[in-house]
Amino acid sequence: MSDITIKCKDCGKNFVFTENEQQFYKEKGFETYPVRCKECKTKKNESFNAKKQCSFFETVCAQCGAPTRLPFVPKGTKPAFCDKCKEQKEKAQAERDNTENK
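Residues numbered from 1 in each chain as written. Predicted model: local features only at pLDDT ≥ 70, side-chain atom pairs only at ≥ 80, totals over all residues. Heavy atoms only, no water.

Looking now at the overall build of the chain. Tallying secondary structure elements over the chain gives three helices and four strands in all. Going from N to C terminus, the chain has its helices and strands arranged as β-β-α-α-β-β-α. The C-alpha atoms of the chain give 24 Å as radius of gyration, which overshoots the globular expectation for 102 residues (13 Å, by more than 25%). Projected onto the principal axes, the alpha-carbon positions of the chain cover approximately 65 × 40 × 20 Å. Expressed as a percentage of the 102 residues in the chain, the buried residues total 15%. Within the chain, contacts between residues at least 6 apart in sequence are counted, and of these 18% link residues at least 24 apart. Only carbon and sulfur atoms are counted for the fraction: they give 50% of the accessible area of the chain, which is about 8800 Å². Averaged over its 21 positive side-chain charges, the chain has a centre that lies 5 Å from the centre of its 15 negative ones. (Helix = DSSP H or I, 4+ residues; strand = E, 2+ residues; numbered from the N terminus. Rg over C-alpha atoms; globule rule 2.2 N^0.38 Å. Buried < 20%, exposed > 50% of the residue type's maximum accessible area, 1.4 Å probe, protein only. Contact = heavy atoms within 4.5 Å. Areas by Shrake-Rupley, 256 points an atom, 1.4 Å probe, with all protein chains shown as cover. Lys, Arg positive; Asp, Glu negative; His and termini not counted. Charge placed at Lys NZ, Arg CZ, Asp CG, Glu CD.)

With that settled, the discussion passes to the pattern of salt bridges. In total, this model carries five salt bridges according to the counting rule given. Taking the shortest distance from any N to any O, the salt bridge between Glu-58 and Arg-69 comes out at 3.9 Å. You can see Glu-58 sitting in strand β3 (residues 57-60) and its partner Arg-69 sitting in strand β4 (residues 67-70), a full eleven residues away along the chain. When its relative accessible area of 48% is taken as the criterion, Arg-69 is described as partly exposed. The partner of Glu-90 in a salt bridge is Lys-86, with the nearest N and O atoms 4.0 Å apart. Taken together, the residues Glu-90 and Lys-86, both in helix α3 (residues 83-100) and four residues apart, mark about one turn of the helix. Glu-90 gets classed as partly exposed once you look at its relative accessible area, which sits at 46%. (Salt bridge = Lys/Arg side-chain N within 4 Å of Asp/Glu carboxyl O.)

On to the side chain of Arg-36. Along the chain, Arg-36 turns up in the loop between α1 (19-28) and α2 (38-52). A polar side-chain atom of Arg-36 sits 2.7 Å from a polar atom in the side chain of Asp-10. Sequence-distant contacts of Arg-36, that is, excluding residues within four places in its chain, are made with Cys-8, Lys-9, Asp-10, Phe-15, Lys-41 and Lys-44. (Polar contact = N/O pair within 3.5 Å; in protein donor to acceptor, adjacent residues only side chain to side chain.)

One can find Gln-63 in the loop between β3 and β4. Spatially, the C-alpha atoms of Gln-63 and Pro-79 are 8.5 Å apart, while their sequence positions differ by 16 residues. Setting aside residues no more than four positions away along its own chain, Gln-63 makes contact with Phe-81, Cys-85, Gln-88 and Lys-89.

For the coordinates displayed, the defined rule picks out five aromatic pairs. Judged by centre distance (6.3 Å) and plane angle (70 degrees), the ring pair of Phe-24 and Phe-30 falls under edge-to-face. What links up through ring pairs into an aromatic cluster is the set Phe-17, Phe-24, Tyr-25, Phe-30 and Tyr-33. Between Arg-69 and the ring centre of Phe-56, over which it is positioned, the NZ or CZ distance is 4.4 Å. (Phe/Tyr/Trp six-rings, centres within 6.5 Å; stacked < 30°, edge-to-face > 60°. Lys NZ or Arg CZ within 6 Å of the ring centre and 35° of its normal.)

Structural data, given as structure tokens:
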């Protein structure tokens, strides 16, 4: 195995895929070569991570009235619950499901 030169799909610059990197890919079971140079890969990851961060919407739990935060803006068509009330509702639903399936 020897170093391989690859053209970055984003910037068009050539980068070297070293023997050590190839060995790492082989050990991890990766079946394709990298398509981006390190700089473009870093930019792409930073862009992806920025999109993953979401803002929260402050609202009030429909069951207990406690302030709660949601990762989306509620439309008002369904009630919003705090984590504690949501967990209680899910446990109660699971118990109902279990008794119906017996």
